[in-house]
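Coordinates in review
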Amino acid sequence: MTPARFEDAVVISGVAQSEIGRRLHRDPRALTVEACVAAVADAGLRLDEIDGLSTYPGAMSVGPGFSGAGVREIHDLLGLDLAWCSSGSEVPGQLGAVVNAMLAVAGGLAQHVLCWRSIWEGTAQGSGRREGYGAGQGRVGGPMAWQLPYGATAANLAGILVNARMNRFGLTREQLGAVPVGNRANAALNPAAIYRAPITLDDYLEARMVSWPLSLYDCDVPCDGATAVVVSRREHAAALDHPAVHVEAVGCAHHDRFMWEYGEDITRISSRWSAAAMWDRTDLRPADVDVAQLYDGFSIFTHCWLEDLGFCGVGEAGAFVEGGTTIARDGALPLNTDGGQLSGGRLHGYGFLHEACLQVRGQAGARQLASRPQVAVVGVGAANSGTTAMLLTGG
Amino acid sequence: MADHERPFWEGGARGELVVQRCRECGGLNHPPTMRCRHDGSAELEWTVLSGRGHVEGWTVNQHQWLPGVPAPYVVALVALAEDPSTRLLTNLVGIDPAEIRDGMEVQVTFVRPEPPDDGLDDDVWLPLFAPAAGP
Ligand SMILES: [Zn+2]
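Every chain is numbered independently, its residues counted from 1 as its sequence is written. Ligands are numbered from 1 and chains lettered from A, in the order in which they are written. Only residues with pLDDT of at least 70 get local features here, since the model is predicted, and only at 80 or more are side-chain atom pairs given and counted; chain-wide, interface and lining totals rely on the full set of residues. With hydrogens and water stripped out, all remaining heavy atoms of the structure feed into the side-chain values.

**Here we look at the overall build of chain B**
- Secondary structure elements are defined from DSSP: runs of H or I of at least 4 residues count as helices, runs of E of at least 2 residues count as strands, and each element is numbered from the N terminus. The helix and strand inventory of chain B stands at 1 helix and 8 strands.
- The N-to-C order of helical and strand elements in chain B reads α-β-β-β-β-β-β-β-β.
- Each radius of gyration is computed over the set of C-alpha atoms, and the globule rule expresses the reference value as 2.2 Å times the number of residues to the power 0.38. For 135 residues, the compact-globule estimate of 2.2 N^0.38 gives 14 Å, and chain B sits close to it at 16 Å.
- By principal-axis analysis of the C-alpha atoms, chain B measures approximately 45 × 40 × 25 Å.
- For the exposure calls, accessible area comes from a 1.4 Å probe over protein chains only, and a residue counts as buried if that area is under 20% of its type's maximum, exposed if over 50%, partly exposed in between. Counting the 135 residues in chain B, one finds 45% classified as buried.
- At a minimum sequence separation of 6, the contacts of chain B that also span at least 24 residues come to 49%.
- Counting every atom, chain B has about 6,500 Å² of accessible surface; 49% of that belongs to carbon and sulfur.
- Positive and negative side-chain charges of chain B, numbering 10 and 21 respectively, have mean locations separated by a distance of 4 Å. In what follows, a contact means two residues having at least one pair of non-hydrogen atoms within 4.5 Å. Calculation of accessible area relied on Shrake-Rupley with a 1.4 Å probe; when residues are assessed, cover is drawn exclusively from the protein chains displayed. Charge assignment in this entry is limited to Lys and Arg as positive and Asp and Glu as negative, and neither His nor the chain termini are counted. Lysine's charge is taken at NZ, arginine's at CZ, aspartate's at CG and glutamate's at CD.

**Section: the state of the cysteines**
- Defined by distance alone, a disulfide is two cysteine sulfur atoms within 2.5 Å. Across all of its chains, the model carries 0 disulfides over all chains by this definition.
- Its sulfur unpaired, Cys312 of chain A is 10 Å from the next cysteine sulfur, which belongs to Cys304 of chain A.

**Overview of the nonpolar core**
- Counting residues in each nonpolar core, the largest one holds 126 residues, and the members touching the most others are Ile12, Met102, Met390 and Leu392 of chain A together with Leu17 of chain B.
- Just so you know, the domain bounds were taken from an automatic or database domain assignment. When residues of this core are assigned to domains, at least three map to each of domain 1 (6-124 + 223-239) and domain 2 (151-219 + 244-394) of chain A.
- Among residues more than four places away in sequence, those in contact with Met390 of chain A are Leu95, Val98, Val99, Met102, Ala249, Val250, Met278, Leu353, Ala376, Val377 and Val378 of chain A. For the purposes of this section, nonpolar cores are sets of buried Ala, Val, Leu, Ile, Met, Phe, Trp, Tyr and Cys residues that join through side-chain atoms within 4.5 Å.

**Brief notes about the packing of helix 9 (residues 271-279) of chain A against helix 10 (residues 299-308) of chain A**
Residue and element names in this part refer to chain A.
- Axis definition: a line fitted to C-alpha atoms, limited for helices to the stretch in contact. Angles are taken between N-to-C directions and run from 0 to 180 degrees. In the contact formed by helix 9 and helix 10, the axes pass within 9 Å of each other and the chain directions differ by 35 degrees. Our pair here, helix 9 against helix 10, has a crossing hand that is right-handed. Only Cys304, Trp305 and Asp308 of helix 10 make contact with helix 9, whose side of the interface consists of Ser271, Arg272, Ser274 and Ala275. Note on convention: near helix rotated counterclockwise from far helix by under a right angle means a left-handed crossing. Clockwise means right-handed.

**A few points about the packing of helix 1 (residues 28-42) of chain A against helix 2 (residues 71-78) of chain A**
Residues and elements named next belong to chain A.
- Two numbers describe how helix 1 lies on helix 2: the axes approach to 11 Å, and their chain directions differ by 65 degrees. If you check the angle between helix 1 and helix 2, you find them roughly perpendicular. Crossing of helix 1 against helix 2: the hand is right-handed. Note on element contacts: helix 2 touches helix 1 through Glu73, Ile74, Leu77 and Leu78, opposite Arg29, Thr32, Val33, Cys36 and Val37.
- Gly is put with the polar residues, along with every residue not named as nonpolar or charged; the nonpolar set is Ala, Val, Leu, Ile, Met, Phe, Trp, Tyr, Cys and Pro, and the charged set is Asp, Glu, Lys and Arg. Of the residues belonging to the contact of helix 1 with helix 2, the class tally is 6 nonpolar, 1 polar and 2 charged. An angle below 35 degrees is treated as roughly parallel, one above 145 as roughly antiparallel, one from 65 to 115 as roughly perpendicular, and anything else as oblique.

**Overview of the coordination of the zinc ion**
Residue and element names in this part refer to chain B.
- Counted as donors are N, O and S atoms no farther than 2.8 Å from the metal, or 3.2 Å for Na, K and Ca; water is not among the atoms, and sites may therefore look incomplete. Donor atoms from the polypeptide that coordinate the zinc ion comprise Cys22 (SG), Cys25 (SG), Cys36 (SG) and Asp39 (OD), at 2.3 Å from the metal.
- Around the zinc ion sit 4 donor atoms; with metal-centred angles ranging over 87 to 131 degrees, the donor geometry is tetrahedral.
- What makes Cys25 partly exposed here is its relative accessible area of 39%. A site with four donors is called tetrahedral when every donor-metal-donor angle falls between 85 and 135 degrees; four donors are called square planar, and six octahedral, when opposite donors sit more than 155 degrees apart and all other angles fall between 65 and 115; any other arrangement is irregular.

**Some remarks on the interface of chain B and chain A**
- Facing the 38 residues of chain B at the interface are 37 residues of chain A.
- Buried area is a sum: the accessible area each of two parts loses on coming together, probed at 1.4 Å, counted once for each and added. With both sides pooled, the region where chain B packs onto chain A buries about 3,200 Å², and carbon together with sulfur makes up 59% of that total.
- The largest contributions to the chain B side of the interface with chain A come from Trp65, Arg87 and Leu89 of chain B, which together make up 24% of the buried area.
- The rule for a salt bridge is simple: a side-chain nitrogen of Lys or Arg has to be within 4 Å of a carboxyl oxygen of Asp or Glu. In this assembly, chain B and chain A are joined by 1 salt bridge.
- With a closest N to O distance of 3.2 Å, Asp102 of chain B and Arg168 of chain A form a salt bridge.

**Some points on the sheet that holds strand 2 (residues 28-29) of chain B**
Residue and element names in this part refer to chain B.
- At least two bridges found by DSSP between two strands are what make those strands a pair. Ordered in space as 2-1-3, the 3 strands form an open sheet in which the pairing is antiparallel. Since the sheet does not close on itself, it has two edges, and those belong to strand 2 and strand 3 (44-49), each with one partner.
- Pairing of strand 1 (residues 17-22) with strand 2, which is carried by 2 bridges, proceeds in the antiparallel orientation. When the bridges of strand 2 are listed, Gln20 appears paired with Asn29.

**A closer look at the pattern of salt bridges**
Residues and elements named next belong to chain A.
- The full count for this structure, using the stated rule, is 23 salt bridges over all chains.
- When the shortest N-O distance is used, the salt bridge between Arg361 and Asp42 registers 2.8 Å. Separated by 319 residues along the polypeptide, Arg361 in helix 13 (residues 350-361) and Asp42 in helix 1 bring together distant segments of the chain.
- Among the charged side chains, a network of salt bridges with common partners joins Arg5, Glu7, Asp8 and Arg281.

What follows is the structure in structure tokens.
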């Protein structure tokens with residue numbers, strides 16, 4: 001007998017976001033509560049029906065504004081009775097908290113789990129130049145001990161990734177600009193996006209270098225905002241006043257070390273492991289995907305996700321996105337239809353899940369794709385954080 | 001500094017690039033570990049390498065991320081000559097960034113950074129790399 005798949009036991013019943021802005025100067029717990037209450041209402045539930053909580057990264061401080069609210073704060077602010085809860089950063093990418101919720105619901109530990117990712121880096125980082133994580137900490141331990149002495153930050157490691165792909169695969173800056181330019185065009189239709197004014201490929205090519213050949217438009221924008229998602233038992237789908245979002249398959253695998261400069265192959269990130277694990281759990285294939293929401297903390301990550309999910313071969317993402325036609329709203333694979341993090345703001349992965357759910361529900365407002373996508377893929381995470389791949393279906 | 005990492009950071013005092021090697025399989029391990037990443041062996045020793053390697057990846061940082069660390073500088077991955085599957089994250093020095101090429105041969109050089117004023121007596125030397133002298 002085939003063992004039951006946890007994906008089949010759950011639905012994503014509700015999604016919502018708080019106000020989102022470059023610097024809102026609001027209490028991050030208020031943003032979190034705003035998103036959580038709205039997601040519970042979207043799921044057709046009362047707050048007292050929520051019996052599980054799950055978040056990434058939980059109450060912690062690795063950098064200014066990295067975590068807006070932990071499980072215990074939200075538990076207290078919402079006055080809940082819990083059957084189960086979980087939080088932490090050492091999960092397979094930021095969406096690992098949502099996977100944990102799915103497992104808890106499928107395993108019968110909870111009926112409805114409220115998940116969130118809340119971030120307030122825009123306000124917390126202030127108006128100064130963006131600092132590297134670990135700045136001002138004096139001596140550091142852990143993986144940063146191998147980076148900070150050399151002044152190496154995430155943007156530098158992304159710059160190495162871009163340059164390696166240029167040297168090995170012939171990636172060009174014109175190709176690299178396609179995702180930032182395309183995301184910006186999509187953001188014009190998203191009233192919550194941080195940057196909505198169109199940019200051209202020439203704008204991209206003239207942008208300030210952050211870590212050559214990585215430029216400003218290749219980096220996501222720090223912001224304030226919270227995204228919340230409710231995972232419910234599948235039986236709850238019938239009670240919704242909107243189409244349920246079904247979970248076709250999830251992949252969480254991570255074979256490399258959690259240090260992206262010491263992975264097996266410096267041209268690739270850990271999406272290669274989670275994407276393969278996801279496809280192993282479904283009969284659907286890349287050709288069945290109608291829309292893709294793929295992590296763009298740096299634009300090059302989206303290239304890696306496109307390849308690792310099988311939309312093109314390894315090293316071919318530059319050619320795949322070049323010119324932007326294929327990834328446009330009316331293209332073969334609409335990509336990051338809310339503007340992604342490059343234009344929408346660094347909601348740290350949960351914006352992609354939110355957008356995928358709205359698109360398969362047919363409720364994405366002005367940016368709803370006319371093709372009414374039924375299969376969406378979400379790829380979140382990059383290298384040292386681990387990654388999660390999720391295949392979602394409508395109806 | 002962790003005890004199992006100390007010899008790497010202190011080798012520079014003697015001008016030596018010191019990396020962990022497995023006695024069982026001969027594989028190099030970096031950053032240092034407690035069990036060989038190739039075969040799980042606990043039989044790890046420190047070995048003095050030639051200090052030669054080649055540039056596997058690099059970027060020219062243009063943004064000041066950290067107080068006291070002005071841009072520009074080159075952040076690089078150098079594959080070690082004795083085992084190119086093992087690499088070091090480092091800085092390239094003594095070269096115009098425009099002259100750097102994928103795969104170019106480099107040689108280790110050491111700098112001793114000013115230590116934080118925190119009472120610890122760690123003697124840390126950073127291995128950096130510069131273009132290798134011609135044949
Ligand atoms: Zn070994």
